[in-house]
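Survey of secondary and tertiary structure
These are the residues of each chain, in order.
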Amino acid sequence: MIPDFNETIFALSSGALPAGVAVVRLSGAATFQILNALVGTLPRPRFAGLRSIRSRDGVLLDTGLVVIFPGPASFTGEDCAEIHLHGGKAVVAALLSELGSFDGCRIAEAGEFSRRAFENGKLDLVEIEGLADLLAAETEMQRRLAAEQSFGRLSAVYDGWRERLLHARAMVEAELDFADEGDIPGSVSDRVWPDLSALAGEVRGQLEAERAGEIIRDGFKVVIAGSPNVGKSSLLNALVDREVAIVTEYAGTTRDVLHCELDIDGFAVHLFDTAGIRETDEAVEKEGIRRALGKIAEADLVLHLKDASAAVESVDLAYNGDAPVITVGTKIDAITASSPKQIYDLMISSAQRVGLDDLRQAILQVLREKTDVISLAIPSRIRQRQHLRDVLANVEEAVRSADIGLELRAEYLRRASDSLGRITGKIDVEAMLGKIFSDFCVGK
Ligand code: GDP
């Protein structure tokens, strides 16, 4: 349901209580009137003023800082205000209950401030998605990626493309509409095709970076795989520095896929410990192995562990996916003369914490290769990528199909700019008309 934008909304915008300071935010037409009833005269816009905050029947609720942001120069584009008060539960509850007692003033729904910002043209959809990611960011790279989106860098790329598409469409439409009137040289639209080919190349470049965006935002999946008892759970525990997985000398202990998150040099890494792969008739273990194989198939990187201390060589992993595989020899503290003379990419001892840094560096190297992009202004969500694919398909079709007639090519371009408009939430019939009338002097 679309919330009622005529109402003034409020919410606790800061974190969990109790806290040193709590920030309550208001937005909507009645903001200043309500605030005036609570704190008396309002401070100058965008300057903090210390005020006593009183309920309408005169009870002192708290003293705190008040800042007002008159629309449209505010987050939501409406009149907004912030009240910074003491972060006690009862203090905040008293203020929220007082605010809720005003007519047409209610507690905001989830995301409603941002929704209003979008509706009022203050933020586009990409910026809003970036803002959500910025609030959820746990690692430095997630923060950087989200910042590119929330501060408008990615939107600027899309807006630039949109501008070029609109220009191209205006030229093509003008040729279609006015060609027989003699004002427009017949092949005017021919000039747009080279630029559209270049545009297709840029969109393709962004789509090539999509996996990088996804890895940075959603995390890099590293799966620890190998036969039972080679030291998989011990490695998981050693890398995260706590006892996540149960380690025993009995084969087949890990039945389900265990999952931990690591921060390696600012990248979010999902580490999965899987059931040891071997022939078995035991139903639960069989299911564990089925899940392990499923996880390995989804991996961005597989750590194939082999017991370097065992009397027999570990069997190879039947893996034929695309992800790189690092072969890790384990338990090097227990190697004896009878241990197999195998070559491994890396050798570790989880028990003695040897080789773990090298392993982290090896993971980081693959991670860097997979996220090696020039700019972080790249799509990171499926939604954005799907629309980008539509943009690309339609621009390519328009450029390629020189012999299908200008009307059809114009239609492909229209679809391309619709898809582009859907990424940022700007659909452009109005803009198109504006472009035709302003850019193109038809002389009539
Ligand atoms: P998983 O079945 O592959 O997960 O293997 P575990 O991590 O459960 O380990 C199997 C056995 O090997 C346990 O008895 C561990 O104590 C032992 N183990 C694991 N890592 C090391 C190591 O680095 N050195 C030695 N000496 N033993 C290890």
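The coordinates are above.
One structure accompanies this document, and this report is about it. (Residues numbered from 1 in each chain as written. Predicted model: local features only at pLDDT ≥ 70, side-chain atom pairs only at ≥ 80, totals over all residues. Heavy atoms only, no water.)

**Description of the sheet that holds strand β2 (residues 19-27)**
Taken in spatial order, the 6 strands of this open sheet run β3-β4-β5-β2-β1-β6, and their pairing is mixed. The open sheet has two edge strands with one neighbour each: β3 (49-54) and β6 (105-107). Averaged over neighbouring strand pairs, the angle between their axes works out to 30 degrees when direction is ignored. Relative to strand β5 (residues 80-87), strand β4 (residues 60-69) is paired through 5 bridges, and the arrangement is antiparallel. Bridge pairing in β5 places Phe69 opposite Cys80. The sheet contacts of helix α3 (residues 112-119) involve β1 (8-12), β2 and β6, and relative to β1 the element is tilted by about 135 degrees. (Pairing = 2+ DSSP bridges. Helix = DSSP H or I, 4+ residues; strand = E, 2+ residues; numbered from the N terminus. Axes fitted to C-alpha atoms, helices over the stretch in contact; angles between N-to-C directions. Contact = heavy atoms within 4.5 Å.)

**Looking at the site of the ligand**
The local shell around the ligand holds 15 residues, among which Asn229, Lys232, Ser233, Ser234 and Asp333 are the closest. Within the backbone of Val230, one N or O atom sits 3.1 Å away from an oxygen atom of the ligand. Here Ser234 contributes a side-chain N or O atom positioned 2.6 Å from an oxygen atom of the ligand. Compared with its free state, where it exposes 580 Å², the ligand has 81% of that area covered by protein. Partitioned by chemical class, the residues of the shell around the ligand number 4 nonpolar, 7 polar and 4 charged. (Near = heavy atom within 4 Å. Polar contact = N/O pair within 3.5 Å; in protein donor to acceptor, adjacent residues only side chain to side chain. Areas by Shrake-Rupley, 256 points an atom, 1.4 Å probe, with all protein chains shown as cover. Nonpolar A, V, L, I, M, F, W, Y, C, P; charged D, E, K, R; others polar.)

**Things to note about unusual backbone geometry**
The omega torsion across Leu17 and Pro18 is -5 degrees, close enough to zero to call that bond cis. Here Pro18 lies in the loop between β1 and β2. With an omega of 0 degrees, the peptide bond between Gly71 and Pro72 qualifies as cis. Within the secondary structure layout, Pro72 lies in the loop between β4 and β5. The backbone phi angle of Lys331 is positive, close to 55 degrees, even though this residue is not glycine. Here Lys331 is to be found in the loop between β11 (325-330) and β12 (346-347). For Lys331, a relative accessible area of 28% gives the class partly exposed. With phi around 55 degrees, Arg353 is a residue other than glycine that occupies positive phi space. As for its placement among the helices and strands, Arg353 is situated in the loop between β12 and α11 (356-370). With relative accessibility at 42%, the residue Arg353 sits in the partly exposed group. (Buried < 20%, exposed > 50% of the residue type's maximum accessible area, 1.4 Å probe, protein only.)

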